[in-house]
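An overview of the molecular structure
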Amino acid sequence: MKNTEYAIVDIETTGGNASGSRITEIAIIIHDGKNVLDRYETLVNPEQEIPPSIFGLTGINNEMVANAPIFDDISEKVLEMLTDRIFVAHNVNFDYSFVHHQLEQAGFKWSAKKLCTVRVARKIKPGLGSYSLGNLCNSLNISLENRHRAGGDADATALLFLF
(Lines give C-alpha, C1' and ligand atoms only; values in the text may rest on other atoms or scores of the structure.)
Protein backbone atom coordinates (compact mmCIF):
# COMPACT_ATOMS: atom_id res chain seq x y z
CA MET A 1 0.00 0.00 0.00
CA LYS A 2 1.24 3.47 -0.90
CA ASN A 3 2.12 5.75 1.99
CA THR A 4 -0.09 8.77 2.46
CA GLU A 5 1.25 11.93 0.89
CA TYR A 6 0.13 15.48 1.50
CA ALA A 7 0.04 18.53 -0.74
CA ILE A 8 0.58 21.55 1.49
CA VAL A 9 -0.80 24.48 -0.46
CA ASP A 10 -0.84 28.22 -0.10
CA ILE A 11 -2.15 30.72 -2.61
CA GLU A 12 -2.41 34.47 -2.96
CA THR A 13 -5.40 35.87 -4.82
CA THR A 14 -6.97 39.03 -6.21
CA GLY A 15 -9.78 38.82 -3.62
CA GLY A 16 -11.77 36.67 -1.26
CA ASN A 17 -14.18 34.79 -3.51
CA ALA A 18 -13.15 31.98 -5.87
CA SER A 19 -15.86 32.70 -8.44
CA GLY A 20 -14.94 36.37 -8.94
CA SER A 21 -11.27 36.46 -7.99
CA ARG A 22 -8.20 34.66 -9.31
CA ILE A 23 -4.97 33.13 -8.04
CA THR A 24 -1.88 35.38 -8.28
CA GLU A 25 0.62 33.00 -6.68
CA ILE A 26 0.66 29.34 -5.70
CA ALA A 27 3.05 27.17 -3.70
CA ILE A 28 2.66 23.41 -3.30
CA ILE A 29 4.88 21.38 -0.99
CA ILE A 30 4.63 17.59 -1.29
CA HIS A 31 5.13 16.00 2.10
CA ASP A 32 5.11 12.40 3.38
CA GLY A 33 4.37 13.38 6.98
CA LYS A 34 8.05 13.54 7.88
CA ASN A 35 9.89 15.08 4.94
CA VAL A 36 9.42 17.43 2.02
CA LEU A 37 9.48 15.36 -1.19
CA ASP A 38 8.89 18.06 -3.79
CA ARG A 39 8.04 21.73 -4.12
CA TYR A 40 6.49 23.99 -6.73
CA GLU A 41 6.03 27.74 -6.56
CA THR A 42 5.12 30.36 -9.15
CA LEU A 43 3.48 33.70 -9.62
CA VAL A 44 0.34 33.45 -11.75
CA ASN A 45 -1.05 36.06 -14.12
CA PRO A 46 -4.66 36.37 -12.88
CA GLU A 47 -5.82 38.03 -16.10
CA GLN A 48 -7.45 40.73 -13.99
CA GLU A 49 -6.27 43.74 -12.02
CA ILE A 50 -4.81 43.23 -8.56
CA PRO A 51 -6.59 45.63 -6.19
CA PRO A 52 -4.43 48.08 -4.16
CA SER A 53 -5.59 46.46 -0.91
CA ILE A 54 -4.27 43.07 -2.06
CA PHE A 55 -0.97 44.65 -3.17
CA GLY A 56 -0.77 46.22 0.31
CA LEU A 57 -1.20 42.80 1.93
CA THR A 58 0.92 40.61 -0.36
CA GLY A 59 3.26 43.00 -2.14
CA ILE A 60 2.23 41.37 -5.43
CA ASN A 61 1.39 43.93 -8.10
CA ASN A 62 0.23 43.88 -11.71
CA GLU A 63 3.76 44.36 -13.06
CA MET A 64 5.05 41.32 -11.15
CA VAL A 65 2.47 38.99 -12.70
CA ALA A 66 2.37 40.53 -16.20
CA ASN A 67 4.82 37.95 -17.63
CA ALA A 68 3.87 35.09 -15.27
CA PRO A 69 2.04 32.05 -16.66
CA ILE A 70 -1.75 32.12 -16.63
CA PHE A 71 -3.38 29.38 -14.54
CA ASP A 72 -4.31 27.33 -17.62
CA ASP A 73 -0.59 27.06 -18.45
CA ILE A 74 0.24 25.53 -15.05
CA SER A 75 -3.01 23.63 -14.47
CA GLU A 76 -1.63 20.24 -15.53
CA LYS A 77 1.38 20.62 -13.21
CA VAL A 78 -0.88 21.70 -10.33
CA LEU A 79 -3.25 18.79 -10.98
CA GLU A 80 -0.36 16.32 -11.12
CA MET A 81 0.99 17.54 -7.78
CA LEU A 82 -2.41 17.41 -6.06
CA THR A 83 -3.73 14.11 -7.43
CA ASP A 84 -4.00 11.28 -4.88
CA ARG A 85 -2.74 13.49 -2.05
CA ILE A 86 -4.46 15.03 0.96
CA PHE A 87 -4.87 18.79 0.41
CA VAL A 88 -3.46 20.65 3.43
CA ALA A 89 -3.76 24.39 4.00
CA HIS A 90 -4.18 26.94 6.73
CA ASN A 91 -7.90 27.71 6.49
CA VAL A 92 -8.16 24.94 3.91
CA ASN A 93 -11.56 25.79 2.41
CA PHE A 94 -10.27 29.15 1.10
CA ASP A 95 -7.30 27.68 -0.79
CA TYR A 96 -9.22 24.58 -1.88
CA SER A 97 -12.12 26.60 -3.30
CA PHE A 98 -9.80 28.68 -5.50
CA VAL A 99 -7.70 25.76 -6.72
CA HIS A 100 -10.81 23.64 -7.37
CA HIS A 101 -12.53 26.48 -9.25
CA GLN A 102 -9.53 27.32 -11.41
CA LEU A 103 -8.81 23.66 -12.23
CA GLU A 104 -12.45 23.26 -13.19
CA GLN A 105 -12.23 26.33 -15.44
CA ALA A 106 -9.14 24.77 -17.04
CA GLY A 107 -11.23 21.69 -17.84
CA PHE A 108 -10.18 19.33 -15.04
CA LYS A 109 -12.37 17.42 -12.61
CA TRP A 110 -10.55 17.18 -9.30
CA SER A 111 -11.40 16.74 -5.66
CA ALA A 112 -9.36 15.73 -2.64
CA LYS A 113 -9.57 14.99 1.04
CA LYS A 114 -8.78 18.13 3.02
CA LEU A 115 -6.85 18.78 6.21
CA CYS A 116 -7.10 22.20 7.84
CA THR A 117 -4.17 23.32 10.00
CA VAL A 118 -6.44 25.87 11.74
CA ARG A 119 -8.71 23.06 12.96
CA VAL A 120 -5.74 20.94 14.04
CA ALA A 121 -4.15 23.91 15.81
CA ARG A 122 -7.30 24.54 17.85
CA LYS A 123 -6.90 21.02 19.24
CA ILE A 124 -3.15 21.11 19.93
CA LYS A 125 -3.02 24.73 21.14
CA PRO A 126 -6.45 25.58 22.62
CA GLY A 127 -7.29 29.05 23.86
CA LEU A 128 -5.37 31.25 21.45
CA GLY A 129 -7.08 34.56 20.72
CA SER A 130 -6.35 34.15 17.01
CA TYR A 131 -5.43 31.18 14.87
CA SER A 132 -4.03 33.27 12.04
CA LEU A 133 -0.90 31.74 10.56
CA GLY A 134 1.25 34.55 11.95
CA ASN A 135 -0.13 34.33 15.49
CA LEU A 136 0.02 30.54 15.54
CA CYS A 137 3.60 30.40 14.27
CA ASN A 138 4.58 33.02 16.83
CA SER A 139 3.03 31.03 19.68
CA LEU A 140 4.85 27.84 18.54
CA ASN A 141 8.19 29.59 17.81
CA ILE A 142 7.96 28.75 14.10
CA SER A 143 9.92 31.14 11.91
CA LEU A 144 7.63 32.83 9.41
CA GLU A 145 9.37 34.51 6.49
CA ASN A 146 7.78 36.13 3.45
CA ARG A 147 4.41 36.50 5.19
CA HIS A 148 1.42 36.71 2.83
CA ARG A 149 3.44 35.19 0.01
CA ALA A 150 2.57 31.67 -1.12
CA GLY A 151 6.04 30.19 -0.61
CA GLY A 152 6.63 31.67 2.83
CA ASP A 153 3.19 30.77 4.10
CA ALA A 154 3.42 27.25 2.64
CA ASP A 155 6.83 26.78 4.33
CA ALA A 156 5.35 27.86 7.67
CA THR A 157 2.31 25.61 7.16
CA ALA A 158 4.64 22.68 6.42
CA LEU A 159 6.43 23.28 9.73
CA LEU A 160 3.09 23.64 11.52
CA PHE A 161 1.98 20.39 9.88
CA LEU A 162 4.75 18.52 11.74
CA PHE A 163 3.32 19.41 15.18
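Above this text you will find the structure in question.
The structure reproduced in this document is the subject of the present report. Bear in mind the structure is a predicted one, so any value in this text is a computation, not a measurement. (Residues numbered from 1 in each chain as written. Predicted model: local features only at pLDDT ≥ 70, side-chain atom pairs only at ≥ 80, totals over all residues. Heavy atoms only, no water.)

**Things to note about the overall build of the protein chain**
Stated formally: Strands are runs of DSSP state E lasting at least 2 residues, helices are runs of H or I lasting at least 4, and numbering of each runs from the N terminus. This radius of gyration counts C-alpha atoms alone. The globule rule is 2.2 Å times how many residues there are, raised to the power 0.38. Per-residue and other accessible areas follow the Shrake-Rupley method at a 1.4 Å probe size, with only the shown protein chains counted as cover for residues.
What the protein chain contains, in helices and strands, is 7 helices and 5 strands. Its helices and strands taken in sequence order, the protein chain reads β-β-β-α-α-α-β-α-β-α-α-α from the N to the C terminus. Taking 163 residues into account, the globule formula puts the C-alpha radius of gyration at 15 Å, and the protein chain, at 15 Å, falls close to it. Carbon and sulfur atoms make up 47% of the accessible area of the protein chain, which totals about 8400 Å².

**Focus on the nonpolar core**
Note the threshold: Only buried Ala, Val, Leu, Ile, Met, Phe, Trp, Tyr and Cys residues count toward a nonpolar core, and they belong to the same one when joined by side-chain atoms within 4.5 Å. For each residue, the accessible area found with a 1.4 Å probe, counting protein chains only, is set against the maximum for its type, and the residue is called buried under 20%, exposed over 50%, and partly exposed in between. The criterion used for residue contact is that any of the two residues' heavy atoms lie within 4.5 Å.
Grouped together as the largest cluster of nonpolar side chains are 36 residues, with contacts concentrated most on Ile26, Val78, Leu82, Phe87 and Val99. For this core, the elements supplying multiple residues, two or more each, are β1 (6-13), β2 (23-31), α3 (71-82), β4 (86-89), α4 (92-105), α5 (117-124), α6 (133-139) and α7 (150-161). Top contributing element to this core by residue count: α3, with 6 residues. If sequence neighbours within four positions are ignored, isoleucine 26 has contacts with Val9, Asp10, Ile11, Tyr40, Glu41, Thr42, Val44, Ile74, Val78, Val99 and Ala150.

**Remarks on a positive patch on the surface**
Filter applied, for reference: Each patch is assembled from residues with relative accessible area greater than 30% and no salt bridge, linking like charges that lie within 9 Å and nonpolar side chains (Val, Leu, Ile, Met, Phe, Trp, Tyr) that lie within 5 Å. We count a salt bridge whenever a side-chain nitrogen from Lys or Arg sits within 4 Å of a carboxyl oxygen from Asp or Glu. For the purpose of counting charges, residues Lys and Arg are taken to be positive, whereas Asp and Glu are taken to be negative. His and the chain ends are not included. Note that the charge is assigned to NZ on lysines, CZ on arginines, CG on aspartates and CD on glutamates.
Together, Lys114, Arg119, Arg122 and Lys123 make up a region of like positive charge exposed at the surface. With 3 residues, the single largest contributor to the positive patch is α5. Locating arginine 122 in the fold gives a position in helix α5.

**Description of the pattern of salt bridges**
Tallied over the full model, the rule gives 6 salt bridges. Of the charged contacts in the structure, one is a salt bridge between glutamate 25 and arginine 149, with a shortest N-O distance of 2.8 Å. A residue pair is termed long-range when its members are at least 10 positions apart, and glutamate 25 in strand β2 and arginine 149 in the loop between α6 and α7 qualify at 124 residues. On the basis of relative accessibility, which here comes to 2%, the residue glutamate 25 falls in the buried class. For arginine 147, the salt bridge goes to aspartate 153, with nearest N and O atoms at 3.0 Å.

**Description of the state of the cysteines**
When the sulfur atoms of two cysteines share a covalent bond, that bond is a disulfide. Heads up, the condition is: For the purposes of this analysis, a disulfide is any pair of cysteine sulfur atoms at a distance within 2.5 Å.
Counted under the stated rule, the structure contains 0 disulfides. The thiol sulfur of cysteine 116 is not disulfide-bonded, and the nearest other cysteine sulfur, from cysteine 137, lies at 13 Å. For cysteine 116, a relative accessible area of 8% corresponds to the buried category.

**Examining the environment of phenylalanine 55**
By the element assignment, phenylalanine 55 lies in helix α1 (residues 52-58). Spatially, the C-alpha atom of phenylalanine 55 lies 10.0 Å from that of threonine 13, the residues being 42 residues apart in sequence. If near-sequence neighbours (up to four positions away) are discounted, phenylalanine 55 is found in contact with Ile50, Ile60 and Asn61.

**Considering α4**
We apply this condition: The span you would expect from a helix comes to 1.5 Å times its residue count less one. Regarding the arc, it is the one traced by the directions from the helix axis to the C-beta atoms.
The end-to-end C-alpha distance of α4 is 20 Å, a good match for the 20 Å that 14 residues give at a rise of 1.5 Å each. If you check which residues of α4 are buried, you get Val92, Asp95, Tyr96, Phe98, Val99, Gln102 and Leu103. Projected down its long axis, α4 shows its buried positions confined to an angular sector of 165°, all on one face. Looking at the buried positions of α4, the neighbouring elements they touch are β1, β2, α3, β4, β5 (114-116) and α5. Backbone geometry just after α4 places glycine 107 at a positive phi near 100°.

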